[in-house]
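Coordinate analysis (summary)
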Amino acid sequence: QKEVEQDPGPLSVPEGAIVSLNCTYSNSAFQYFMWYRQYSRKGPELLMYTYSSGNKEDGRFTAQVDKSSKYISLFIRDSQPSDSATYLCAIPNTGGFKTIFGAGTRLFVKA
Amino acid sequence: NAGVTQTPKFQVLKTGQSMTLQCAQDMNHNSMYWYRQDPGMGLRLIYYSASEGTTDKGEVPNGYNVSRLNKREFSLRLESAAPSQTSVYFCASSVHRGRGNTIYFGEGSWLTVV
């Protein structure tokens with residue numbers, strides 16, 4: 001079993017839809033959870049991060065962590081064509097220097 | 001804002017050739033990384049340098065060597081390229097190696113080994 005699992009998609013939605021992107025993880029000791037966004041032919045960039053359980057909101061984006069289920073989610077409200085990208089969940093291991101990345105979910109938002 | 005700069009952006013190699021990917025960051029970060037990204041595999045860590053003067057193996061180090069030339073620069077060398085090393089390579093850096101630390105990526109180097 002991989003330490004972090006993420007459905008690679010692709011996921012195609014119409015403009016304005018609510019998007020839900022998800023990852024599962026196996027190690028209950030993980031405490032920091034991150035989401036990176038990667039546009040085509042670019043490097044990933046940090047979108048959001050959360051510590052422990054709960055929700056964190058930033059504009060149209062909400063990151064949610066459910067430690068009891070080892071499940072993390074990223075919600076995008078009122079999705080825009082400019083949100084079309086690959087979204088990678090990322091979890092630093094307990095040592096911190098080996099961040100484990102999910103495979104990435106490719107999202108297409110159609111105008 | 002240069003951030004993390006890596007060269008070359010595109011390279012085609014023949015099997016058995018060698019090459020070095022160059023990376024530099026201007027954010028005064030302590031830690032630097034080399035990742036490869038393959039379809040369906042996500043980002044996999046090849047080598048990292050927690051601080052100047054140190055390097056350590058990541059998840060997939062075989063076939064690669066690295067040099068942390070100074071605090072700014074971290075190079076990745078393929079001594080004898082193989083088709084399995086066809087991938088997109090990302091250099092990255094972070095302030096330090098602590099948990100929750102943001103990793104800043106370069107724009108990637110597309111390498112094809114034929």
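Our structure is the block above this text.
Thresholds applied
- Residues numbered from 1 in each chain as written.
- Chains lettered and ligands numbered in written order.
- Predicted model: local features only at pLDDT ≥ 70, side-chain atom pairs only at ≥ 80, totals over all residues.
- Heavy atoms only, no water.
- Helix = DSSP H or I, 4+ residues; strand = E, 2+ residues; numbered from the N terminus.
- Rg over C-alpha atoms; globule rule 2.2 N^0.38 Å.
- Buried < 20%, exposed > 50% of the residue type's maximum accessible area, 1.4 Å probe, protein only.
- Contact = heavy atoms within 4.5 Å.
- Areas by Shrake-Rupley, 256 points an atom, 1.4 Å probe, with all protein chains shown as cover.
- Lys, Arg positive; Asp, Glu negative; His and termini not counted.
- Charge placed at Lys NZ, Arg CZ, Asp CG, Glu CD.
- Core = buried A, V, L, I, M, F, W, Y, C linked by side-chain atoms within 4.5 Å.
- Disulfide = S-S within 2.5 Å.
- Pairing = 2+ DSSP bridges.
- Axes fitted to C-alpha atoms, helices over the stretch in contact; angles between N-to-C directions.
- Buried area = accessible area lost by both parts, 1.4 Å probe.
- Salt bridge = Lys/Arg side-chain N within 4 Å of Asp/Glu carboxyl O.
- Polar contact = N/O pair within 3.5 Å; in protein donor to acceptor, adjacent residues only side chain to side chain.
- Phe/Tyr/Trp six-rings, centres within 6.5 Å; stacked < 30°, edge-to-face > 60°.
- Lys NZ or Arg CZ within 6 Å of the ring centre and 35° of its normal.

**Description of the overall build of chain A**
Counting its secondary structure elements, chain A contains zero helices and eleven strands. Secondary structure elements of chain A, listed N to C terminal, follow the sequence β-β-β-β-β-β-β-β-β-β-β. By the compact-globule yardstick of 13 Å for 111 residues, chain A fits well, its C-alpha radius of gyration being 13 Å. Split into buried and exposed, the 111 residues of chain A put 44% on the buried side. Pairs at least 24 residues apart make up 52% of the contacts formed inside chain A by residues separated by at least 6 positions. When the accessible surface of chain A is totalled, it reaches about 5,200 Å², and 46% of it is carbon and sulfur. Charged side chains in chain A number 12 positive and 10 negative. The centres of these two groups are separated by 6 Å.

**What to know about the nonpolar core**
By size, the foremost hydrophobic cluster in this structure holds 25 residues, and its most contacted members are W35, I72, L74 and Y87 of chain A. Counting residues per element, the ones that place at least two in this core are strand 3 (19-25), strand 4 (32-38), strand 5 (45-51), strand 7 (61-66), strand 8 (71-76), strand 9 (85-92) and strand 11 (105-110) of chain A. The contact partners of L74 of chain A, leaving out residues within four places of it in the chain, are V19, S20, L21, W35, L47, M48, F61, T62, A63 and Y87 of chain A. If you look at the next biggest cluster of nonpolar residues, it comprises 20 residues, including M32, W34, V66 and A81 of chain B.

**A few points about the state of the cysteines**
Residue and element names in this part refer to chain A. Counted by the stated rule, this structure contains two disulfides over all chains. One disulfide in the model links C23 with C89; its S-S distance is 2.0 Å. Since a negative S-S torsion denotes a left-handed disulfide, the C23-C89 link at about -95 degrees is left-handed. On the criterion of sequence distance, the pair formed by C23 in strand 3 and C89 in strand 9 is long-range, its members being 66 residues apart.

**Things to note about the sheet that holds strand 8 of chain A**
All names here are of chain A. Within the open sheet, the five strands sit side by side as 1-3-8-7-6. Their pairing is antiparallel. The open sheet terminates on both sides in strands that have one partner only, identified here as strand 1 (4-6) and strand 6 (54-58). The average undirected angle you get between the axes of adjacent strands in this sheet is 15 degrees.

**Overview of the interface of chain A and chain B**
Chain A puts 24 residues into the contact, and the matching count from chain B is 25 residues. Of the roughly 1,900 Å² buried between chain A and chain B on both sides combined, carbon and sulfur atoms contribute 57%. Summed over the shared surface of chain A and chain B, the result is one salt bridge. Between E107 of chain B and K42 of chain A there is a salt bridge, with the nearest N and O atoms lying 3.4 Å from each other. One can count three residue pairs in polar contact (both at pLDDT 80 or more) joining chain A with chain B. For the side of chain A that touches chain B, the secondary structure elements donating two or more residues are strand 4, strand 5, strand 9 and strand 10 (99-101) of chain A.

**Observations concerning the packing of aromatic side chains**
Counted according to the given criterion, the structure contains 13 aromatic pairs over all chains. Both rings, one in Y25 of chain A and one in F33 of chain A, keep their centres 5.1 Å apart while their planes meet at 40 degrees; by these two values the pair is tilted. On the numbers, 5.9 Å between centres and 90 degrees between planes, the contact of Y36 of chain A with F105 of chain B is edge-to-face. Of this pair, Y36 of chain A sits in strand 4 while F105 of chain B is found in strand 10 (residues 104-105), placing the two residues in two different chains. Here the two residues Y36 of chain A and F105 of chain B agree in accessibility, since each one is buried. Put simply, the rings of Y36 and F101 of chain A together with Y33, Y35, F90 and F105 of chain B touch in pairs and so form one group of aromatic residues. Taking the ring centre of Y49 of chain A as reference, the NZ or CZ of K56 of chain A above it sits at 4.8 Å.

**As for the sheet that holds strand 3 (residues 19-25) of chain B**
Residues and elements named next belong to chain B. On the basis of which strands lie adjacent, the open sheet formed by four strands has the order 1-3-8-7 and antiparallel pairing. Edge positions in the open sheet fall to strand 1 (4-7) and strand 7 (64-68), since each of these has one partner strand only. Along the sheet, successive strands turn relative to each other by an average axial angle of 15 degrees, direction set aside. Note that strand 3 and strand 8 (residues 74-78) share three bridges and pair antiparallel.

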